[in-house]
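# Close look at the chain arrangement
So you can see what is in the structure, the chains are spelled out below.
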Amino acid sequence: MAQTYLIVGAGNMGGALLSGWLKSSLVNARNLAIIDPNPGIEAVYAIERGAKHLADFDGIPRNTKTILLAVKPQMFPQMRRQLAEALGEDVLIISIMAGISTQALKDAFPGADIVRAMPNTPAAIGKGVTAFTADPALKSEKVEAIKTLLGATGKVIRIETDEQINAVTAVSGSGPAYIFNLCEALAKAAQSIGLPPDVAAQLARETIIGASALLEASDQSPTELREAVTSPGGTTQAALDVLMADDGQGQLMRRAVVAALARAREFSE
Ligand SMILES: NC(=O)C1=CN([C@@H]2O[C@H](COP(=O)(O)OP(=O)(O)OC[C@H]3O[C@@H](n4cnc5c(N)ncnc54)[C@H](OP(=O)(O)O)[C@@H]3O)[C@@H](O)[C@H]2O)C=CC1
Ligand SMILES: O=C(O)[C@@H]1CCC=N1
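Rules and cut-offs
- Per-chain numbering applies: the sequence of each chain, read as written, is numbered from 1 onward.
- Both sets of labels track the order of writing: A upward for chains, 1 upward for ligands.
- Under the rules for a predicted model, residues below a pLDDT of 70 receive no local features and side-chain atom pairs below 80 are neither given nor counted, while totals for whole chains, interfaces and linings still include all residues.
- As a rule here, side-chain values come from all non-hydrogen atoms in the structure, and water together with hydrogens is ignored.
- Put simply, DSSP marks the helices as runs of H or I at least four residues long and the strands as runs of E at least two long, and each gets a number from the N terminus on.
- Burial classification: accessible surface area is computed with a 1.4 Å probe over protein chains only, and a residue below 20% of its type maximum counts as buried, one above 50% as exposed, and the rest as partly exposed.
- Any two residues whose heavy atoms approach within 4.5 Å at even a single point are treated as in contact.
- Each accessible area is a Shrake-Rupley result for a 1.4 Å probe, and residues are judged covered by the shown protein chains and nothing else.
- UniProt positions are given in the numbering used here, feature names are shortened, and annotations may be inferred rather than shown by experiment.
- Each residue is tested against the molecule or strand, and it is near if at least one of its non-hydrogen atoms lies within 4 Å.
- The term polar contact refers here to a pair of N or O atoms within 3.5 Å; inside protein, the definition further demands a hydrogen-donor-capable atom paired with an acceptor-capable atom, and it admits residues adjacent in sequence only when both atoms are side-chain atoms.
- Under the scheme applied here, ten amino acids are nonpolar (Ala, Val, Leu, Ile, Met, Phe, Trp, Tyr, Cys and Pro), four are charged (Asp, Glu, Lys and Arg), and all others, including Gly, are polar.
- For the domain bounds, the source is a domain assignment made automatically or taken from a database.
- Buried area: the sum, over both parts, of the accessible surface (1.4 Å probe) that disappears when the two are put together.
- Definition used for salt bridges: Asp or Glu carboxyl oxygen within 4 Å of a side-chain nitrogen of Lys or Arg.
- The pairing test for Phe, Tyr and Trp rings, Trp by its six-membered ring, is centres within 6.5 Å, and the orientation test on the planes gives stacked under 30 degrees, edge-to-face over 60, and tilted for anything in between.
- Ring-over charges, as used throughout, are those where CZ of Arg or NZ of Lys falls within 6 Å of the ring centre and within 35 degrees of the ring normal.

## A few points about the overall build of the protein chain
- Broken down by element type, the protein chain carries 11 helices and eight strands.
- Counting the 269 residues in the protein chain, one finds 38% classified as buried.
- For the protein chain, the proportion of contacts with a sequence separation of at least 24, taken over those separated by at least 6, is 59%.
- Put simply, the protein chain shows about 15,400 Å² of open surface, and 56% of that area lies on carbon and sulfur atoms.

The structure is reproduced here in structure tokens:
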């Protein structure tokens, strides 16, 4: 009998991962169970194609072997005991919850294989990057299976320590929001120098899309690509003198990731 995959919390990220699993045919909707009082659009699609929508943990199929935990970290303490009691043996727990440590997961699910992973929202279009950490003693076949599951939504990177996952969260987990905020800021700045709002929004958006696509297509580093825009003594140099000043974007980005890291650590407490 094929194993059942269980997704607990099928919102933005859980939905993106489940969509990747279905699209890549790694998981058949009929072998999927979803627990979420308010499933997102991807989960509804899966339920329409045969995934079980469970009202509570009591209904978890006995052959459930892989469990994706994708609820908000604040929900975890109130559900961990009930979920652990409902699961069988030899299960794999993949948690994407920000800040919930591997040790906390091991305490909650003794005997389970634990993977702590951090995806990001471009996963929804197969352009995500997911870093994960797993027990170094885990058999290589299991690690490969985990990489395949996480790789259904984009690139996968294995990292060494649990604490590094908090750093990953601050960089690539939250990172798409930094880029969207850059888009907002560029559009606002464009308006402030006289461009109409719709033109400003379109220019900012297309600039970020175009620059990202160039970064993906090119063999050049971000530094080389930046330098290719920058004529000596030109307009870009004038702007970069502001952005790259000691109190510029570099320092601001450091403060931002440090704040995100601190928040992830708070979830661990
Ligand atoms: N969004 C992102 O960019 C990323 C998020 N993460 C992590 O993924 C997790 C989910 O985040 P995200 O997808 O953004 O959040 P969402 O709110 O979009 O998804 C969480 C889902 O869980 C549901 N839910 C609430 N309570 C329960 C419950 N008791 N049992 C089952 N499901 C429940 C929610 O329903 P309802 O809406 O009714 O509350 C919602 O549909 C978080 O832990 C976050 O740290 C990781 C990487 C990136
Ligand atoms: O904001 C959050 O807490 C989650 C984790 C990474 C992205 N979103």
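Still more ground to cover, so stick around.
## Quick notes on the UniProt feature "binding site: NADP(+)" (unreviewed entry) in the protein chain
- The UniProt entry lists Ala 70, Val 71, Lys 72 and Pro 73 under the feature "binding site: NADP(+)" (unreviewed entry), expressed in the numbering used here.
- Structurally, Pro 73 can be placed in the loop between strand E4 (64-69) and helix H3 (76-86).
- Look at Pro 73 and you get buried, because its relative accessible area is 11%.
- For Pro 73, the residues in contact, after removing those within four places along its chain, are Met 97, Ala 98, Ile 100 and Phe 267.

## Observations regarding the site of ligand 1
- Inspection of the region around ligand 1 gives 21 residues, with Asn 12, Met 13, Asp 36, Val 71 and Ala 98 positioned closest.
- Note that an oxygen atom of ligand 1 is positioned 2.6 Å from one of the backbone N or O atoms of Val 71.
- At 3.1 Å from an oxygen atom of ligand 1 is found a side-chain nitrogen or oxygen belonging to Lys 72.
- Isolated, ligand 1 exposes 880 Å² of accessible area, and the fraction of that covered by the protein chains is 75%.
- Grouping the constituent residues of the shell around ligand 1 by class yields 14 nonpolar, five polar and two charged.

## Here's the deal with the site of ligand 2
- If you check the shell around ligand 2, you find Ala 98, Thr 169, Gly 173 and Ser 174 and nothing else.
- Protein coverage of the free-state accessible area of ligand 2, which is 240 Å², stands at 47%.
- Taken together, the residues that form the shell around ligand 2 break down as one nonpolar, three polar and no charged.

## Considerations on the domain arrangement of the protein chain
- What the domain assignment lists for the protein chain is domain 1 (4-160) and domain 2 (175-268).
- Put simply, the middle of domain 1 and the middle of domain 2, counted by C-alpha atoms, are 33 Å apart.
- If you look at the interface, domain 1 gives nine residues, while domain 2 gives six residues.
- Buried area between domain 1 and domain 2, both sides added, is near 530 Å², and the carbon and sulfur share of it is 58%.
- It is Gln 74, Gly 99 and Lys 127 that lose the most area in domain 1 upon contact with domain 2, and together they represent 49% of the buried surface on that side.
- Where domain 1 touches domain 2, the interface holds one salt bridge.
- A salt bridge links Glu 216 to Lys 127; the nearest nitrogen and oxygen atoms lie 2.6 Å apart.
- Between the two partners, domain 1 and domain 2, sit one residue pair in polar contact (both at pLDDT 80 or more).
- For the side of domain 1 that touches domain 2, the class distribution of residues is four nonpolar, four polar and one charged.

## Concerning the UniProt feature "domain: Pyrroline-5-carboxylate reductase catalytic N-terminal" (unreviewed entry) in the protein chain
- Per the UniProt record, the feature "domain: Pyrroline-5-carboxylate reductase catalytic N-terminal" (unreviewed entry) sits at residues 7-99.
- Regarding residues 7-99, the helix share stands at 33% and the strand share at 20%, and the terminal C-alpha atoms are separated by 19 Å.

## Some remarks on unusual backbone geometry
- Its identity as a non-glycine residue notwithstanding, Ser 25 has a phi of 60°, on the positive side.
- Within the secondary structure layout, Ser 25 lies in the loop between helix H1 (12-23) and strand E2 (32-35).
- Exposure remark for Ser 25: the relative accessible area of 61% places this residue in the exposed category.
- With phi around 55°, Asp 90 is a residue other than glycine that occupies positive phi space.

## A look at the packing of aromatic side chains
- Under the defined criterion, the tally for this structure stands at two aromatic pairs.
- Plain terms: the ring middles of Phe 76 and Phe 109 are 6.3 Å apart, the flat faces sit at 45° to each other, and that makes the pair tilted. Taken together, the positions of Phe 76 in helix H3 and Phe 109 in the loop between helix H4 (102-108) and strand E6 (113-118) put the pair 33 residues apart, joining distant regions of the chain. Like Phe 76, the residue Phe 109 is buried in the burial classification.
- Against the face of Tyr 45 rests Arg 49, its NZ or CZ located 3.6 Å from the ring centre.

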